[in-house]
Every structure is written in C-alpha cells, then in structure tokens.
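# Residue-level structural notes
Residues per chain are reported as follows:
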Amino acid sequence: MDKKTVKVIEKYSMPFVQLVLEKGEEDRIFSDLTQIKQVAEETGLPSFLKKVAVDESDKEKTIAFFQDSVSPLLQNLIQVLAYNHRANLFYDVLVDCLNRLEKETNRFEVTITSAHPLTDEQKSRLLPLIEKKCL
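Residues numbered from 1 in each chain as written. Predicted model: local features only at pLDDT ≥ 70, side-chain atom pairs only at ≥ 80, totals over all residues. Heavy atoms only, no water.

### Overview of the overall build of the chain
Broken down by element type, the chain carries seven helices and zero strands. Traced from its N-terminal end to its C-terminal end, the chain shows the element sequence α-α-α-α-α-α-α. For the chain, the spread of C-alpha atoms along the three principal axes comes to 50 × 35 × 30 Å. Taking all 135 residues of the chain together, the buried fraction comes to 33%. For the chain, long-range pairs separated by at least 24 residues make up 72% of all intrachain contacts whose partners lie at least 6 apart in sequence. For the chain, the exposed surface amounts to about 9100 Å²; the carbon and sulfur share of it is 53%. Put simply, the chain has 19 plus and 22 minus side-chain charges, and the middle of one group is 6 Å from the middle of the other. (Helix = DSSP H or I, 4+ residues; strand = E, 2+ residues; numbered from the N terminus. Buried < 20%, exposed > 50% of the residue type's maximum accessible area, 1.4 Å probe, protein only. Contact = heavy atoms within 4.5 Å. Areas by Shrake-Rupley, 256 points an atom, 1.4 Å probe, with all protein chains shown as cover. Lys, Arg positive; Asp, Glu negative; His and termini not counted. Charge placed at Lys NZ, Arg CZ, Asp CG, Glu CD.)

### Looking at the nonpolar core
Phe-16 and Phe-90 are the most contacted members of the largest nonpolar core, which totals 32 residues. The set of elements that each furnish at least two residues to this core consists of helix H1 (3-23), helix H2 (26-43), helix H3 (45-50), helix H5 (72-83) and helix H6 (90-105). It is H6 that provides the largest number of residues to this core, a total of eight residues. In this structure Phe-16 touches Ile-29, Leu-73, Leu-74, Leu-77 and Cys-97, once residues within four positions along its chain are discounted. (Core = buried A, V, L, I, M, F, W, Y, C linked by side-chain atoms within 4.5 Å.)

### Some details on unusual backbone geometry
With the exception of glycine, the majority of residues adopt a negative phi angle, and the majority of peptide bonds are in the trans configuration. At His-85, a residue that is not glycine, the phi angle is positive and equals roughly 55°. Examined against the element boundaries, His-85 turns out to sit in the loop between H5 and H6. When its relative accessible area of 52% is taken as the criterion, His-85 is described as exposed.

### Let's talk about the side chain of Ser-13
Along the polypeptide, Ser-13 turns up in helix H1. In this structure Ser-13 comes out as buried when scored by relative accessible area, which is 0%. Those residues within four positions of Ser-13 in sequence are excluded, and the remaining contacts are Val-93, Asp-96, Cys-97 and Arg-100.

Following this line, the structure appears as structure tokens:
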C-alpha cells in the first residue's frame with residue numbers, strides 16, 4: 001500500500017477512533033468492527049472492493065449492507081466512505097480503526113486453538129500470559 005493511500009485511510013480512522021473514545025463507545029465499536037472484519041474475510045469482501053472492474057455504486061451498496069447491524073457511529077463512518085466514493089477502502093479503514101482502538105484501549109482479541117477443550121485451570125494459567133504479552 002502506498003503512502004498516499006495510508007494517509008487517506010488515516011484521514012478516516014483517526015478521527016473516528018477519537019470520536020468513539022470521546023463517546024465511550026469502545027465496547028460496542030470493538031465488537032462491531034471485529035464482526036465485520038470476520039464477515040469480510042470469510043466472504044472475500046476485501047478483494048471485491050479492490051477490483052477496478054466492479055462499479056463504485058456496487059461497492060457502496062455492498063458496504064451499506066452493514067449499516068443495519070452496527071452502532072450509529074459506525075453507520076456514519078460507512079455513509080461518509082460511500083459519500084466520498086471510498087468504498088474500496090472500507091476494509092482497510094475498519095482494520096486500521098480496530099488496530100487503533102486496540103492500542104488506545106489495550107484491548108485485544110485473542111484466539112487460542114487447541115486440539116482439546118481447555119480446562120478452567122489451563123485458561124486461568126493462560127490469562128496472565130496473554131495480559132503480559134498485550135502490555
């Protein structure tokens with residue numbers, strides 16, 4: 001990704017994260033962003049939004065599908081991206097927002113994969129290690 005694109009992404013993500021923190025909406029936005037990111041990755045949305053052959057209006061309609069199930073702050077961000085014809089950056093902006101929110105709140109999503117379910121004792125031993133790693 002070139003520097004110009006990074007700057008454009010930051011133009012949207014930085015004020016959005018600041019607003020989220022000011023409004024105290026970190027929990028809701030963190031949850032919304034995590035869910036959207038998962039859906040996007042499972043459906044191949046990032047590559048769809050990057051395709052030059054896909055019409056901008058189709059990209060805008062696609063990202064608008066998320067508006068019904070997210071917080072009003074995130075609804076506004078989606079509207080702004082669509083209005084400014086930046087739907088192609090939707091995934092990149094939401095990932096950047098999520099990364100910034102994680103850094104600001106010191107809250108991270110952790111996935112542990114195990115061949116067998118973890119016992120309560122194993123979970124309690126892992127928690128301090130994860131917390132230490134995130135600090």
